[in-house]
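Each chain, letter by letter, is given below.
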Amino acid sequence: MKNKLLVIIVFLVSISLSFAQSSDEQKIMQISKDKWQWMADKDGDKLEKLFDNKAKFVHMSGTWKKDEELEIIKTGSIWYKKATVHDSAIELSGNTAIVWNRITLEAIVRGGEAKTEFTVTEVYQKQGNDWKMLALTFSSVRDTHQIKK
């Protein structure tokens, strides 16, 4: 009887842990989706709260930190008009989450229109009850590129 009870308890705990992980995955994927809209809207206030103070951003033309990224977004030096997400994957490891999005980005870059295929890698860390972005890297890819899951 004790063995059956122990098996049931272990089973219930593992189910609740899998739901918690699924919930975190859903939350992070929503944050990632919202981030693209906030970038399109040039909503520096929401992005400022999302980006960790030590966050790094890697683009085709350079690498910069949080304050520089926010300034670029606010001034429209790069206007992320629309990011169409074609494919996504997420992996959680402890308090760290990595999200890969295959996107088509429509942007205005230094006054010129650009439409580019990217795989974007986003790294998040859970800090207290919030998820903060630590890194965002754009990798230029062909439109046939697929994210391995």
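Report on the accompanying structure. What you see is a predicted model; the values in this text were computed from it and never measured. (Residues numbered from 1 in each chain as written. Predicted model: local features only at pLDDT ≥ 70, side-chain atom pairs only at ≥ 80, totals over all residues. Heavy atoms only, no water.)

Here we take up the overall build of the protein. For the protein, the count of helices and strands is 3 helices and 6 strands. Summarising the internal contacts of the protein: among those between residues at least 6 apart in sequence, 51% fall at separations of at least 24. On the protein, roughly 9400 Å² of surface is accessible, and the fraction owed to carbon and sulfur atoms is 53%. (Helix = DSSP H or I, 4+ residues; strand = E, 2+ residues; numbered from the N terminus. Contact = heavy atoms within 4.5 Å. Areas by Shrake-Rupley, 256 points an atom, 1.4 Å probe, with all protein chains shown as cover.)

This part covers the packing of aromatic side chains. Counted according to the given criterion, the structure contains 4 aromatic pairs. Ring plane angle 70° and centroid distance 6.2 Å describe the contact between Trp 36 and Phe 138, whose orientation is recorded as edge-to-face. In this pair, Trp 36 sits in helix 1 (residues 2-40) while Phe 138 sits in strand 6 (residues 130-140), placing the two residues 102 residues apart along the sequence. Assigned by exposure class, Trp 36 and Phe 138 land together as buried. Seen in terms of ring centroids, Phe 118 and Phe 138 are 5.0 Å apart; in terms of plane orientation they differ by 70°. Their pairing is edge-to-face. One end of the pair, Phe 118, is in strand 5 (residues 112-127); the other, Phe 138, is in strand 6, with 20 residues separating them in the sequence. Side by side, Phe 118 and Phe 138 carry an identical accessibility label, which is buried. Grouped by ring-pair contacts, the aromatic residues Trp 36, Tyr 80, Phe 118 and Phe 138 constitute a single cluster. One cation-aromatic arrangement involves Lys 35 over Trp 36; the distance from NZ or CZ to the ring centre is 3.4 Å. (Phe/Tyr/Trp six-rings, centres within 6.5 Å; stacked < 30°, edge-to-face > 60°. Buried < 20%, exposed > 50% of the residue type's maximum accessible area, 1.4 Å probe, protein only. Lys NZ or Arg CZ within 6 Å of the ring centre and 35° of its normal.)

This part is about the sheet that holds strand 1 (residues 51-59). Read across the sheet, 6 strands follow the order 2-1-6-5-4-3 without closing on themselves; strand pairing throughout is mixed. Each of the sheet's edge strands pairs with one partner strand only, and the pair in question is strand 2 (62-65) and strand 3 (78-93). The average angle at which neighbouring strand axes cross in this sheet is 20°, direction not considered. Sheet topology places strand 3 next to strand 4 (residues 96-109); 14 bridges connect them, and they run antiparallel. From the neighbouring strand, Ser 88 faces strand 4, where its bridge partner is Asn 101. Contacts from helix 3 (residues 66-75) reach strand 1, strand 2 and strand 3, with the element oriented near 65° to strand 1. (Pairing = 2+ DSSP bridges. Axes fitted to C-alpha atoms, helices over the stretch in contact; angles between N-to-C directions.)

This part is about unusual backbone geometry. In this structure, Lys 42 takes a positive phi of about 55° despite not being glycine. In this structure Lys 42 comes out as partly exposed when scored by relative accessible area, which is 34%. Phi is positive for Arg 110, which is not a glycine, with a value near 50°. Considering the arrangement of structural elements, one finds Arg 110 in the loop between strand 4 and strand 5.

Under the defined criterion, the tally for this structure stands at 4 salt bridges. The closest approach of N and O atoms between Lys 126 and Asp 24, which form a salt bridge, is 3.7 Å. Of this pair, Lys 126 sits in strand 5 while Asp 24 sits in helix 1, and the two are 102 residues apart along the sequence. Lys 126 gets classed as partly exposed once you look at its relative accessible area, which sits at 28%. When its relative accessible area of 22% is taken as the criterion, Asp 24 is described as partly exposed. (Salt bridge = Lys/Arg side-chain N within 4 Å of Asp/Glu carboxyl O.)

For the rest of this paragraph, the subject is the side chain of Asp 87. Considering the arrangement of structural elements, one finds Asp 87 in strand 3. Ignoring any residue separated from it by four or fewer positions in sequence, one finds Asp 87 in contact with Trp 100, Asn 101, Arg 102, Gln 146, Ile 147 and Lys 149.

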